[in-house]
Amino acid sequence: MSIITNIIEAMESKLEARKSALPLEELKSIVKDREPVRSFRNALSSSPFSVIAEYKKRSPSRGNMNANRLKESIAIYKSTDWISAVSVLT
């Protein structure tokens, strides 16, 4: 067995476990009342000057960051009219 085959099998196993833990119909019911996804391209082209805010869990130079602050950070970004889009790195 090759390393790639091992990786694929491990990922398939993880995917099946996740599907069992949160079935597709349940996931659909969770997201149905969420805000619609907005176009990143449209957000950037809506003004001559655009700023992309970034949120990430980990920084290559600083290590782990506070991953529990995502909702708080996005709320701040949404209330700031000069931020055109938010990039969330996972």
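Residues numbered from 1 in each chain as written. Predicted model: local features only at pLDDT ≥ 70, side-chain atom pairs only at ≥ 80, totals over all residues. Heavy atoms only, no water.

## A look at the overall build of the protein chain
Broken down by element type, the protein chain carries four helices and four strands. Seen in sequence order, the protein chain has helices and strands lined up from the N terminus as α-α-α-β-β-β-α-β. The C-alpha radius of gyration computed for the protein chain amounts to 18 Å, which surpasses the reference 12 Å derived for 90 residues by more than 25%, pointing to a less compact arrangement than a globule. Principal axes of the C-alpha set define a box for the protein chain whose edges measure 55 × 40 × 25 Å. Burial analysis of the protein chain (90 residues in total) assigns 12% to the buried set. Taking as baseline every contact in the protein chain between residues at least 6 positions apart, the subset at least 24 positions apart corresponds to 52%. Counting only carbon and sulfur atoms, one obtains 56% of the accessible surface of the protein chain, whose full area is about 8,100 Å². (Helix = DSSP H or I, 4+ residues; strand = E, 2+ residues; numbered from the N terminus. Rg over C-alpha atoms; globule rule 2.2 N^0.38 Å. Buried < 20%, exposed > 50% of the residue type's maximum accessible area, 1.4 Å probe, protein only. Contact = heavy atoms within 4.5 Å. Areas by Shrake-Rupley, 256 points an atom, 1.4 Å probe, with all protein chains shown as cover.)

## Observations regarding the pairing of strand β1 (residues 52–56)
Across the two faces of β1 the burial differs, with Ala 53 and Tyr 55 buried and Ile 52, Glu 54 and Lys 56 not buried at all. Judged from the five bridges that link them, β1 and strand β4 (residues 85–89) form a sheet pairing that is parallel. What sits directly across from Glu 54, in β4, is Ser 87. (Pairing = 2+ DSSP bridges.)

## Focus: the confidence of the model for the protein chain
Mean pLDDT over the protein chain stands at 83; residues scoring 70 or higher make up 98%. Of all helices and strands in the protein chain, the one with the weakest mean pLDDT is strand β2 (residues 58–59) (74), whereas helix α1 (residues 3–21) scores best (92). (pLDDT = per-residue confidence, 0-100.)

## Here we look at the environment of Trp 82
With respect to the element layout, Trp 82 can be found in the loop between α4 (70–79) and β4. Residue Trp 82 is classed as exposed on the basis of its relative accessible area of 56%. Placed 22 residues apart in sequence, Trp 82 and Pro 60 show a C-alpha to C-alpha distance of 27 Å.

## Quick look at the pattern of salt bridges
Scanning the model with the defined rule gives two salt bridges in all. Between Lys 28 and Glu 25 there is a salt bridge whose closest N-O contact spans 3.8 Å. Highlighted residues: Lys 28 and Glu 25, both in helix α2 (residues 24–31), separated by three residues, approximately one helical turn. (Salt bridge = Lys/Arg side-chain N within 4 Å of Asp/Glu carboxyl O.)

## Here's the deal with the environment of Lys 19
Among the structural elements, Lys 19 can be located in helix α1. What makes Lys 19 partly exposed here is its relative accessible area of 47%. Considering only alpha carbons, one finds Lys 19 and Glu 35, 16 residues apart in sequence, at a separation of 23 Å.

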